[in-house]
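Coordinates in review
If you want the building blocks of each chain, they are given just below.
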Amino acid sequence: MAGLATKFGSGAMTNSVEGISRNKALFVIGSNTTENHPIIALRMKEAVARGAQLIVADPRRIPLVKFATLWLRHRPGTDSALLNAMMQVIIAEGLEDKDFIAARTEGFAEFAESLVKFTPEFAEEVTGVPAEDIRRAARIYAGAENAGIYYAMGITQHTMGTNNVMAVGNLAMLTGNLGKDAAGVNPLRGQNNVQGACDMGCLPDVYPGYQKVALPAVQAKFEKAWGKALSPRPGLTASEMTGAMLEGKLRGLYIFGENPALSDPNMAHSIKAFNALDFLVVQDIFMTETAELADVVLPSASFAEKNGTFTCSERRVQRVRAAVSPPGQARDDLSIIHAVCSRIDPAAATSSAAPAEIFAEVAALWPNMAGMGYDRLDGDGLQWPCPTADNPGTPFLFKDSFPREGGKAVFSVVPHVLSDELPDSEYPFVLTTGRELFHYHTGTMTRKSKGLDAVAHEPFIEINPSDAVGLGIKDAEMLTVSSRRGAIRLKARVSDIVPAKVVFIPFHYKEAAANMLTSDALDPICKIMEAKVCAVRVEKAAA
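Values in this document were obtained by computation on a predicted structure and should not be read as measured data. (Residues numbered from 1 in each chain as written. Predicted model: local features only at pLDDT ≥ 70, side-chain atom pairs only at ≥ 80, totals over all residues. Heavy atoms only, no water.)

**A look at the overall build of the protein chain**
The secondary structure content of the protein chain amounts to 19 helices and 21 strands. Relative to the globule expectation of 24 Å for 543 residues, the C-alpha radius of gyration of the protein chain, 24 Å, shows essentially globular dimensions. Projecting the C-alpha coordinates of the protein chain onto the three principal axes gives extents of approximately 65 × 65 × 45 Å. Every one of the 543 residues in the protein chain was classed for burial, and the buried ones make up 53%. Looking at the protein chain alone, contacts between residues at least 24 apart form 69% of all its contacts between residues at least 6 apart. (Helix = DSSP H or I, 4+ residues; strand = E, 2+ residues; numbered from the N terminus. Rg over C-alpha atoms; globule rule 2.2 N^0.38 Å. Buried < 20%, exposed > 50% of the residue type's maximum accessible area, 1.4 Å probe, protein only. Contact = heavy atoms within 4.5 Å.)

Structure (structure tokens):
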């Protein structure tokens, strides 16, 4: 979000899922789409069946590779070098959209100069991708009538994650693949309502609608609406909170719908921080690993037990309706938060806790939702921006201008930056982490499903056959994997899905938690942790 908002004025998915099948070219980078977003992957396969060319950039041989015109197997952490080299080829061969650049962008000259050193041959040395494949990828993408880029946490969870996203935006701008149907820059959100949570202000520096807390006019607007004095000072990101807890600057924490004791990189460090708190409240539907550390646990309702809205990756706001009642003492999140607020400030008890009324308040305070109301969200919902009651919603962004001062998108100079922790003689492998098809995130729900857990019931580490031979490892043998932060035991899965000197572990399994190993080094801009690259040692487990 930080990268795209800087470039375009908005950090959301620019286009619609429905339009994916009409792409003439698709570039998927940092997304194992078939396992993490299988419905979107079906649209990609449909596009290929219609004749579209698909480029997949991923260190692993992910299932989508079977449908690809070209697979770029780059080294973990080298995304921006690969992207810069593609753009160097596009400019060198005159494939850029000169009219779009002149009319709708700024900063091109400095950006183009920064690419001179990123020749395909230089990028081959950095990424491991053959120079000719880089040239071919550039020509496919730039030569398509309309091309879409699709990415996920494979490019964001790095110390240079924001730079990676800026490079993605540069590529779309360079080729004029913004402001039109079946194209764009399309981040695939990691959870079902990430977009909605961000839209509603679950970020440390904005109110609902990405309205900056530090701007006096915004502060005055929300103070008038809420009848309270508000601070203009941005808060902490989740990753910054860990340090604040350990330093004693943050003494209490309220967590709901999140399991950071298992999902945070360098999880032992995070657990130490939670234990340093004076008071921890966790609100969730199950007794998670984080809830076990809490002083108070508030049982909440699942998606099927409450009313409200979700907003998905494509900015589509959809109604959610309770199908069943919450079990036992569980309540929906809004009712719990309202009850807590009423005890802190008795005046809050007189305010509404009705989802429809709160949604109407959001629509009154954010112009992009001003035309939405519960009466219009039946059926398929609406995509913001939807500024008026007769507006049908917006399938793709930036048709006429970008929501930045001057109305133009800005090119960014993206330097080549190394990952924080690279392999050495003591820890000679690169570990990358992710999800598998049958489980979701920390398994809070999916591992309680007997059917899903029967199919994918135990942790594993993917290791290349050549590395397995070198270490004398057999398939299904128990291994110990260690980093500078911890060690876990799990079974080997010998496979050429991963390249040599790279291993992969899914992070769903608490009995062999991948995040015991991962690094909490931060991207300096958005403060995301580097979950996708760290150095590890692999050896046979002691009997």
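Now that the structure is up, let's keep going.
**With respect to the environment of Leu-26**
Considering the arrangement of structural elements, one finds Leu-26 in strand β1 (residues 25-29). In this structure the C-alpha to C-alpha distance between Leu-26 and Met-86, which are 60 residues apart in sequence, comes to 14 Å. Residues in contact with Leu-26, not counting those within four places in the same chain, are Ile-20, Met-44, Ala-47, Ala-52, Gln-53, Leu-54, Ile-55, Gly-148 and Tyr-150.

**Remarks on the pattern of salt bridges**
Under the criterion given, the structure shown has 25 salt bridges. Here Asp-378 and Arg-321 are joined by a salt bridge, their closest N and O atoms 2.5 Å apart. Placement of Asp-378 in the loop between α17 (355-365) and β14 (382-383) and of Arg-321 in the loop between β13 (316-320) and α16 (333-344) is noted, with a sequence separation of 57 residues between them. A salt bridge links Arg-447 to Glu-511, with the nearest nitrogen and oxygen atoms 2.8 Å apart. Of this pair, Arg-447 sits in the loop between β16 (429-434) and α18 (450-455) while Glu-511 sits in the loop between β20 (502-506) and β21 (534-540), and the two are 64 residues apart along the sequence. (Salt bridge = Lys/Arg side-chain N within 4 Å of Asp/Glu carboxyl O.)

**Focus on the sheet that holds β13**
Read from one edge of the open sheet, three strands run β12-β13-β14, paired in antiparallel fashion. This sheet does not close on itself; its edge strands, each paired only once, are β12 (308-311) and β14. For β12 and β13, the ladder comprises four bridges, and the chain directions are antiparallel. In the sheet register, Thr-311 faces β13, and the bridge partner there is Val-317. (Pairing = 2+ DSSP bridges.)

**Remarks on the state of the cysteines**
Going through the model one piece at a time under the given rule, you end up with zero disulfides. Looking at Cys-198, it has no disulfide partner, and the nearest cysteine sulfur is the one in Cys-202, 7.4 Å off. Here Cys-534 is not disulfide-linked; the sulfur of Cys-526 is the nearest cysteine sulfur, at 18 Å. Given a relative accessible area of 0%, Cys-534 falls into the buried group. (Disulfide = S-S within 2.5 Å.)

**Some words on the nonpolar core**
By size, the foremost hydrophobic cluster in this structure holds 50 residues, and its most contacted members are Phe-8, Phe-27, Tyr-141 and Leu-171. When residues of this core are assigned to their parent elements, the largest contribution, eight residues, is made by helix α10 (residues 161-174). Not counting chain neighbours up to four residues away, the residues in contact with Phe-8 comprise Gly-169, Met-173, Leu-178, Val-185, Phe-398, Phe-402, Pro-403, Arg-404 and Ala-409. With 20 residues, the next largest nonpolar core counts Ile-473, Leu-490, Ile-505 and Ala-514 among its residues. (Core = buried A, V, L, I, M, F, W, Y, C linked by side-chain atoms within 4.5 Å.)

**Things to note about the domain arrangement of the protein chain**
According to the domain assignment, the protein chain contains domain 1 (2-187), domain 2 (190-235 + 333-386) and domain 3 (429-540). Averaged C-alpha coordinates put domain 1 and domain 2 at centres separated by 33 Å. Domain 1 puts four residues into the contact, and the matching count from domain 2 is four residues. In total, domain 1 and domain 2 occlude about 280 Å² of area from one another, counting both sides; carbon and sulfur atoms represent 51% of this. When residues of domain 1 are sorted by the area they lose upon contact with domain 2, Ala-12, Ser-16 and Met-153 head the list and together hold 69% of the total. For the pair domain 1 and domain 2, the number of links is zero salt bridges. Joining domain 1 to domain 2, the criterion identifies one residue pair in polar contact (both at pLDDT 80 or more). Here the side of domain 1 that touches domain 2 is built from residues that sort into two nonpolar, two polar and no charged. (Domains from an automatic or database assignment. Buried area = accessible area lost by both parts, 1.4 Å probe. Polar contact = N/O pair within 3.5 Å; in protein donor to acceptor, adjacent residues only side chain to side chain. Nonpolar A, V, L, I, M, F, W, Y, C, P; charged D, E, K, R; others polar.)

**A word on the sheet that holds β16**
The six strands lie next to each other as β16-β20-β17-β19-β18-β21, forming a closed barrel whose pairing is mixed. Direction aside, the axes of adjacent strands within the sheet are offset by 45° on average. (Axes fitted to C-alpha atoms, helices over the stretch in contact; angles between N-to-C directions.)

**Concerning the pairing of strand β18 (residues 478-482)**
For β18, the tally of buried residues reaches four of five residues, placing the bulk of the element in the interior. With five bridges joining them, β18 and strand β19 (residues 487-494) adopt antiparallel strand pairing. Across the sheet, Ser-482 pairs through a bridge with Ala-487, a residue of β19. Remark: four residues form the turn of the hairpin made by β18 and β19, two consecutive strands paired antiparallel. Alignment of β18 against β21, held across four bridges, turns out to be antiparallel. Each bridged residue has a counterpart across the sheet, and for Val-481 the counterpart in β21 is Val-538.

**Quick notes on the environment of Thr-480**
Considering the arrangement of structural elements, one finds Thr-480 in strand β18. You can call Thr-480 buried: its relative accessible area is 17%. Along the sequence, Thr-480 and Arg-60 sit 420 residues apart, while their C-alpha atoms lie 22 Å from each other. Setting aside anything within four residues of it in sequence, one finds Thr-480 in contact with Ala-487, Ile-488, Arg-489, Arg-537, Val-538, Glu-539, Lys-540 and Ala-541.

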